[in-house]
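Each chain is listed here by its residues.
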Amino acid sequence: MSTATDASRATLPDVTSSPGAKPMIFLQDACFQHQFIRSRDTSNIVERPERLRAVTVGLAAAISRLEQVATHAEAARPLEPDDLASQLGKLNIESSAGDPLRRANPPVAIVQSSASVDLLNHAAVKFIHGDIDGDVYLENLVRWTKESKEKIDRGESEIPANLAQGDLYLCPESLVAIQGSVGTVCEAVDAVAGTSRPVFANQLSGSEMHSSNRAFVAIRPPGHHCGEDTPSGFCFVNNVAIGAAHANLQHGIDRIVIFDIDLHHGKWPYGNGTQSIAWQINEETYRQTLETEGEPSPSKKGPQVYYSSIHDILSYPCEDGKAELVQAASVSLHGPHGQFIENVHLKTYTSPEHWDKLYKEEYSKILRKAEDFLDSTGGPGKDVLVFISCGMDASEHEMPSMSRHNRRVPTSFFYQFARDACAFSDRYAGGKLISVLEGGYSDRALTSGVMAHLLGLSGQPTDAEWWSIENLTLLEKATKRKRGGRPSASIPPKNVHPWLDRAVEVFAALDSSPARAAAPRAPPPPKMTLRDRTRPNSTASSPRGKPVAASAEGADSSSSEDADALPQGQSAGKKIPRVILRLGPAPAP
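Residues numbered from 1 in each chain as written. Predicted model: local features only at pLDDT ≥ 70, side-chain atom pairs only at ≥ 80, totals over all residues. Heavy atoms only, no water.

Peer 1: What should I look at first to understand the pairing of strand 9 (residues 340-345) in this one?
Peer 2: Two faces, one strand: in a regular strand the side chains alternate between the faces of the sheet. Within strand 9, 5 of the 6 residues are buried, which leaves the element mostly enclosed by the surrounding structure. Two strands pair when backbone bridges link them, and strand 7 (residues 304-311) and strand 9 are joined in this way by 5 bridges, in the parallel orientation. Bridge pairing links H311 to H345 in strand 9. Here strand 8 (residues 332-334) runs beside strand 9; their pairing, made up of 3 bridges, is antiparallel. Bridging from a neighbouring strand, H334 pairs with F340 of strand 9. Joining the antiparallel neighbours strand 8 and strand 9 is a turn of 5 residues, in which G335 adopts a positive phi near 110°. (Buried < 20%, exposed > 50% of the residue type's maximum accessible area, 1.4 Å probe, protein only. Helix = DSSP H or I, 4+ residues; strand = E, 2+ residues; numbered from the N terminus. Pairing = 2+ DSSP bridges.)

Below is the structure:
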């Protein structure tokens, strides 16, 4: 068994639920509309709509387990003889007109958001991505999306040549997804930080529910690599930074804490990434502080942002070793020039004991430095809000091509950090915490990470065995898309794993991913023509010893069988005559 798996199975401490601990989950269907349409080949596109489906699987598994915990707790509670409600609870009789999905008291609240913003007319968006001379970047982004199909149809790229072509892509519907993502984050901010608690329809209970002080926002495209006017690393707007600006402008939140746990650093300088945005905000607030010193009634100053990141210094954007990027991803500055920045580098761990030491001594440093930031700026208060830029790509289950340097974390990290961040927010921010999805690109990394993270946000006792390889495999098989509507023979029968049955029920209710991806808009490739078949297991080689690839274009390409059949001494470049069979007239009936 691998070291990562051993650590993920480590015994986790019990957590007691704090007041208002029931988290909200915000989902947004518009996010599925951001798709790669440059060609039909999407094999190298890792930031894909299907990511949200894997996230939903993880959420469903977490909800199932939380219901299991609640059922066991209810069964263990002493009952009064005349307590009819308790008796019914122990019998596990559910509500909502016999609908097996609905629970009278679900452990989380599901919000199916339809919120959206106008990028060109939203105060928080303009605060982060606007410009003194006009909102040039935002106007360009809107134009790029609108022109994307036409450019691709002409054989051009929809992404300007000075930007990374491999990291960034757009389609006309990308604008809907981006505006929906931002709108959903702002809706979560209103629910968590607003003075009056909004009321939502909870899909899991079928009834109205008041908002909570914790939220997980499952959106895409991600945002933490995007700076003021520079898209990068799949990101076109900075969702968390906009959420922080919205909290400040609409709800008087003056102190923002951002914990970035994505594998990659939110890079800086050149106006790129959350760290750069936080730096600019703090710089302006510090300038205002200096200018108003000594005034009898100083005017209100801007917000202060603590930004911290745990990341792999060998990975994007530092993989090329550029000095300015490596230096920026290593900054630790607290107080001077009004800056509050902490960067911690991931390391390879060798055992569960080594992992525990790394987490407590190294990775938890971003929590301790956040405490110092708030203690030095006024202590706990209503003006504090905590964000997590929640990337899952540091997971032990992430694809090797994304995590090439073995700077991985066990799945238990996403539980443990959520638990510790919630305890931090309870002490300093009245429990107000919003976690926003960033990276994470393999299905298993997303499913396991989101499952553990939501369990941590819930504050309930948790067993690391829940996200073991065996249980993840069962979950993946049970929720796998099936052809022809036939169930997979490998799925265990019902009641063998009640948690799995329930997870499948919840997933079926929450999953709104398209049945299949929309047809690409690029012109279709040339039609294939009939040709001779190649011999099975042919190992034909070219005259230089390289394999000969069969061409999809057909007519003028030599097959591997042709290459093997060349007469001795004949040039490989010479065409072999074709044999054409001509059929006579059809026989009379």
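Peer 1: Help me understand empty space enclosed by the protein in this model?
Peer 2: The rolling of a water-molecule-sized probe over the atoms marks out the regions of remaining empty space. Within this structure, the stated rule accounts for 2 cavities of 30 Å³ or more. By volume, the largest cavity is sized at about 100 Å³. Forming the boundary of the largest cavity are L27, Q28, D29, F32, L52, V55, T56, L59, Q112, A218, L510 and S512. Counting only elements with at least two residues in the lining of the largest cavity, the list comes to strand 1 (24-28) and helix 2 (50-76). It is helix 2 that provides the largest number of residues to the lining of the largest cavity, a total of 4 residues. Counted by class, the lining of the largest cavity contains 7 nonpolar, 4 polar and 1 charged residues. Approximately 80 Å³ is the volume attributed to the second largest cavity. (1 Å grid on protein atoms, 1.4 Å probe; cavity = no way out; pocket = protein on both sides within 12 Å on 5 of 7 lines; lining within 4 Å. Points joined across faces, edges and corners; volume = space filled by probe spheres on them. Nonpolar A, V, L, I, M, F, W, Y, C, P; charged D, E, K, R; others polar.)

Peer 1: Please clarify how the side chain of D393 should be interpreted in this entry.
Peer 2: When you line up the elements, D393 lands in the loop between strand 10 (384-390) and helix 12 (412-428). No salt bridge is formed by the buried D393, whose closest oppositely charged neighbour, R51, lies at an N-O distance of 7.3 Å. Of note is the side chain of D393, whose polar atom sits 2.9 Å from the backbone nitrogen of L263. There is a polar contact of 3.1 Å between the side chain of D393 and the side chain of H264. Apart from the residues within four sequence positions on either side, D393 is in contact with D262, L263, H264, E398, M402, S403, G439, G440 and Y441. (Lys, Arg positive; Asp, Glu negative; His and termini not counted. Salt bridge = Lys/Arg side-chain N within 4 Å of Asp/Glu carboxyl O. Polar contact = N/O pair within 3.5 Å; in protein donor to acceptor, adjacent residues only side chain to side chain. Contact = heavy atoms within 4.5 Å.)

Peer 1: Where do I start with the sheet that holds strand 10 in this structure?
Peer 2: In a beta sheet, neighbouring strands are held together by backbone hydrogen bonds and run either parallel or antiparallel to one another. What the 9 strands build is an open sheet, ordered 2-1-5-11-10-6-7-9-8; its pairing is mixed. Each edge of the open sheet is held by one strand with a lone partner, namely strand 2 (109-113) and strand 8. Strand after strand, the sheet turns through a mean of 15° between neighbouring axes, direction not considered. Here strand 6 (residues 255-260) runs beside strand 10; their pairing, made up of 6 bridges, is parallel. Directly across from V257, in strand 10, lies its bridge partner V386. On the sheet, helix 13 (residues 443-458) packs against strand 1, strand 5 (214-218), strand 10 and strand 11 (433-437) and is oriented at approximately 165° with respect to strand 5. (Axes fitted to C-alpha atoms, helices over the stretch in contact; angles between N-to-C directions.)

Peer 1: Is there a simple way to explain the packing of helix 10 (residues 352-363) against helix 11 (residues 365-376) in this structure?
Peer 2: The angle between the axes and the distance between the axes are what describe a pair of packed helices. At a closest axis distance of 6 Å, the pairing of helix 10 and helix 11 adopts a crossing angle of 25°. Between helix 10 and helix 11, the crossing angle belongs to the class labelled roughly parallel. Within the contact between the two elements, helix 10 uses Y359, K360, E361, E362 and Y363 and helix 11 uses K365, I366, L367 and R368. Along the lines of polarity and charge, the residues of the contact of helix 10 with helix 11 split into 4 nonpolar, no polar and 5 charged. (Parallel < 35°, antiparallel > 145°, perpendicular 65-115°, else oblique.)

Peer 1: In this structure, what is going on with the packing of aromatic side chains? I would like to understand it.
Peer 2: Ring pairs (aromatic) are described by centroid distance and by the angle formed between their planes. Under the criterion given, the structure shown has 18 aromatic pairs. Summarising the aromatic geometry, the rings of W355 and F413 are spaced 6.1 Å apart at their centres and angled 85° between planes, so their arrangement reads as edge-to-face. With W355 in helix 10 and F413 in helix 12, this residue pair connects regions lying 58 residues apart in the sequence. Residue F413 is classed as buried on the basis of its relative accessible area of 3%. Over the ring of W499 we find R65, and its NZ or CZ is 4.2 Å from the ring centre. (Phe/Tyr/Trp six-rings, centres within 6.5 Å; stacked < 30°, edge-to-face > 60°. Lys NZ or Arg CZ within 6 Å of the ring centre and 35° of its normal.)

Peer 1: Sorry, what's going on with the packing of helix 14 (residues 469-479) against helix 15 (residues 498-510) here?
Peer 2: With their axes 10 Å apart at the nearest point, helix 14 and helix 15 run at an angle of 45° to one another. In terms of orientation, helix 14 and helix 15 fall into the oblique class. Every pair of crossing elements has a handedness; the one defined by helix 14 and helix 15 is right-handed. Along its contact with helix 14, which presents N471, L474, L475, A478 and T479, the element helix 15 presents W499, L500, A503, V504 and F507. Here the contact of helix 14 with helix 15 is composed, by residue class, of 8 nonpolar, 2 polar and no charged. (Left-handed = near helix turned anticlockwise from the far one by under 90°.)

Peer 1: Sorry if this is basic, but what is going on with the nonpolar core here?
Peer 2: The tendency in soluble globular proteins is for nonpolar side chains to be buried as a group. The biggest cluster of nonpolar side chains holds 134 residues, and the ones touching the most others in it are F259 and F417. Top element by residues in this core is helix 2. It accounts for 11 residues. Those residues in contact with F259, other than ones at most four positions away along the chain, are Y306, S308, I366, L367, A370, V386, F387, I388, S389, F417 and F424. (Core = buried A, V, L, I, M, F, W, Y, C linked by side-chain atoms within 4.5 Å.)

Peer 1: Explanation requested: the pattern of salt bridges in the structure shown.
Peer 2: Side-chain pairs of opposite charge can arise where the charged atoms are in close proximity. Evaluated as defined, the whole model comprises 19 salt bridges. Where E158 meets R38, a salt bridge forms, and the shortest distance between an N and an O atom there is 3.0 Å. With E158 in the loop between helix 5 (136-153) and helix 6 (174-193) and R38 in the loop between strand 1 and helix 2, the pair connects residues that are 120 residues apart, well separated along the chain. Residue classification places R38 among the partly exposed residues on the basis of a relative accessible area of 23%. One continuous salt-bridge network, built from bridges that share partners, spans E47, R51 and R220.

Peer 1: Which parts of the structure should I look at to understand the pairing of strand 2?
Peer 2: Most of strand 2 is tucked away: 4 of the 5 residues are buried. Bridging between strand 1 and strand 2 involves 5 bridges; their strand directions are parallel. Note that in strand 2 the partner of M24 across the bridge is A109.

Peer 1: Is there a simple way to explain unusual backbone geometry in this structure?
Peer 2: Note: most peptide bonds trans; most residues except glycine with negative phi. The omega torsion across R220 and P221 is 0°, close enough to zero to call that bond cis. Among the structural elements, P221 can be located in the loop between strand 5 and helix 7 (239-251). Going from Y316 to P317, the amide bond is cis rather than trans, its omega being 5°. Looking at where P317 falls in the secondary structure, it is placed in the loop between strand 7 and helix 9 (323-328).

Peer 1: Which parts of the structure should I look at to understand helix 5?
Peer 2: Owing to its 3.6 residues per turn, the α-helix aligns residues three or four sequence positions apart on the same side. With 18 residues, helix 5 should reach 26 Å at 1.5 Å per residue; the first-to-last C-alpha distance of 26 Å fits that figure. Along helix 5, the helix axis deviates most sharply at E147, where the bend reaches about 50°. Y137, L138, L141, V142, W144, T145, S148 and I152 are the residues of helix 5 that are buried. On its buried side, helix 5 packs onto helix 4 (123-129) and helix 6. (Expected span 1.5 Å × (residues − 1). Bend = angle between axes of the 7 residues up to and from the residue.)

These figures capture arrangement, not role.
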